[in-house]
Number of protein chains: 2
Amino acid sequence: MASALARLPGLGPRSARRAVLWLIKRRETSLVQLAEALEGVRARLVECTTCGNVDTANPCSVCTDPRRDARALCVVEEVADLWALDRSRLFTGRYHVLGGRLSALEGVGPEDLSIGQLLQRLEAGGIDEVVLAMNATLEGQTTAHYIAERIEHLPLRVTQLAHGLPVGGELDYLDEGTLAQALRARRPVG
Amino acid sequence: MASALARLPGLGPRSARRAVLWLIKRRETSLVQLAEALEGVRARLVECTTCGNVDTANPCSVCTDPRRDARALCVVEEVADLWALDRSRLFTGRYHVLGGRLSALEGVGPEDLSIGQLLQRLEAGGIDEVVLAMNATLEGQTTAHYIAERIEHLPLRVTQLAHGLPVGGELDYLDEGTLAQALRARRPVG
């Protein structure tokens, strides 16, 4: 059980062992509850065939939420990114999860991602803006450029997340690449 | 000597002790050299009365460099920020070091920074663009807003560093504030 728990992100072998001991002590209550909860989730979780989100319904609760703006679509690499962006509560449109990023090293090509489905969604119309919200890594940016080229011919406003200083960032502690980005993309005040 | 060294940023008490032992072993060579180097630097360093940089000449080598664009001025909090930005080699103008940031908590007001001198430099003319390159902290941004208001009446292009994803930033690991900034300041692709 400890090695299974240790495979969870953020949980090392030591804290996994501590968690196991905690669960064993409470095996009649907590352990049963956790096992039931995991089984319940496993049985109910489905992948949204529209956007690729993981939820208990298909289409997922994000795709069917009537308060969301159907004309804005945010493209992300992974479900975790969708959830991270949604926590910021600033984006009120819908999402499209690619299921990864282009990577020559790992042998991931366009056909391994849900880019075809993305094109279908966009070609179906009704969407005005596409936000390419890839990670600021080399592979993320390669993926963003690739998608931007593939959708160039569509009448869409294509944007990408701003790059620059992170909140709380102190110039003296930031890498030169980020400083260069922040300087290159400097904006008028006010 | 160990406690003096341990006060250096980046050097803990343990690595300071290790450095002391290393120096003591080589006391006839390295220790004398280091002492002489420190004394030599101490005697020669001066603050540039134009921009506030620390250098061996006044005006400093940045202010007198003829290849630099005298029409662009980048305002930073500390000398360390000037050096950090200059390492990125993207900014080719001159600098103005404020000597700190506005802070109600630490009792730092506008008169404690070289804002008066900055205004004099700008009012003297010859400068087209002012880049406010404060840290992305609350105090840094307060300082930037204050300066932007004070120079509003001058015929200048006032810009600030872009805020957003740092280079290599993965959405899932970034704080919500940074994601919100990156989303709010999203830019057209291409």
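Residue positions are given per chain, counting from 1 as you read along its sequence in written order. Chain letters and ligand numbers both follow the written order, the letters beginning at A and the numbers at 1. Local features in a predicted model are, by the rule used here, given only for residues with pLDDT of at least 70; side-chain atom pairs are given and counted only at 80 or more, and totals for whole chains, interfaces and linings are based on all residues. Heavy atoms from the whole structure form the basis of all side-chain values; hydrogens and water molecules are not counted.

**Overview of the environment of B:Glu176**
Here's step 1: Structurally, B:Glu176 is set in helix 8 (residues 176-184).
Here's step 2: Any two residues having at least one pair of non-hydrogen atoms within 4.5 Å are treated as being in contact. If we skip the residues at most four places from it in the chain, B:Glu176 touches A:Arg87 and A:Ser88. By definition, any uninterrupted DSSP run of H or I lasting at least four residues is a helix, any uninterrupted run of E lasting at least two residues is a strand, and each is numbered from the N terminus.

**A word on the packing of aromatic side chains**
Here's step 1: A pair of Phe, Tyr and Trp rings is counted when the ring centres sit within 6.5 Å of each other, with Trp represented by its six-membered ring. The angle between the planes then sorts it: under 30 degrees is stacked, over 60 is edge-to-face, the rest tilted. This model, assessed by the stated rule, comprises 2 aromatic pairs over all chains.
Here's step 2: Between A:Phe91 and A:Tyr95, the ring centres sit 5.4 Å apart and the planes meet at 65°, which makes this aromatic pair edge-to-face.

**Describing the pattern of salt bridges**
Here's step 1: Here, a salt bridge means any Lys or Arg side-chain nitrogen found within 4 Å of an Asp or Glu carboxyl oxygen. Per the counting criterion, the structure on display carries 18 salt bridges over all chains.
Here's step 2: A salt bridge links B:Glu176 to A:Arg87, with the shortest nitrogen-to-oxygen separation between them at 3.6 Å. Of this pair, B:Glu176 sits in helix 8 while A:Arg87 sits in helix 5 (residues 79-87), which puts the two residues in different chains.
Here's step 3: Within the structure, one salt-bridge network assembled from shared partners comprises A:Glu77, A:Glu78 and A:Arg101.

**A closer look at the domain arrangement of chain A**
Here's step 1: Boundaries of every domain are those given by an automatic assignment or by a domain database. With domains assigned, chain A is organised as domain 1 (2-44) and domain 2 (71-160).
Here's step 2: Using only C-alpha atoms to locate each centre, domain 1 of chain A and domain 2 of chain A end up separated by 34 Å.

**A few points about the sheet that holds strand 7 (residues 187-188) of chain B**
Here's step 1: Strand order in the open sheet formed by 5 strands is 4(A)-3(A)-5(A)-6(A)-7(B), with mixed pairing between adjacent strands. Of all the strands in the sheet, the pair left with one neighbour each is strand 4 (93-97) of chain A together with strand 7 of chain B.
Here's step 2: At least two DSSP bridges between two strands are required for those strands to pair. Sheet topology places strand 5 (residues 129-132) of chain A next to strand 6 (residues 157-160) of chain A; 4 bridges connect them, and they run parallel. Each bridged residue has a counterpart across the sheet, and for A:Leu132 the counterpart in strand 6 of chain A is A:Gln160.
Here's step 3: The axes are straight lines fitted to the C-alpha atoms, using for helices just the contacting stretch, and the angles between their N-to-C directions are given from 0 to 180°. Taken strand by strand, helix 5 of chain A contacts strand 3 (69-76) and strand 4 of chain A, and its axis lies near 160° from that of strand 4 of chain A.

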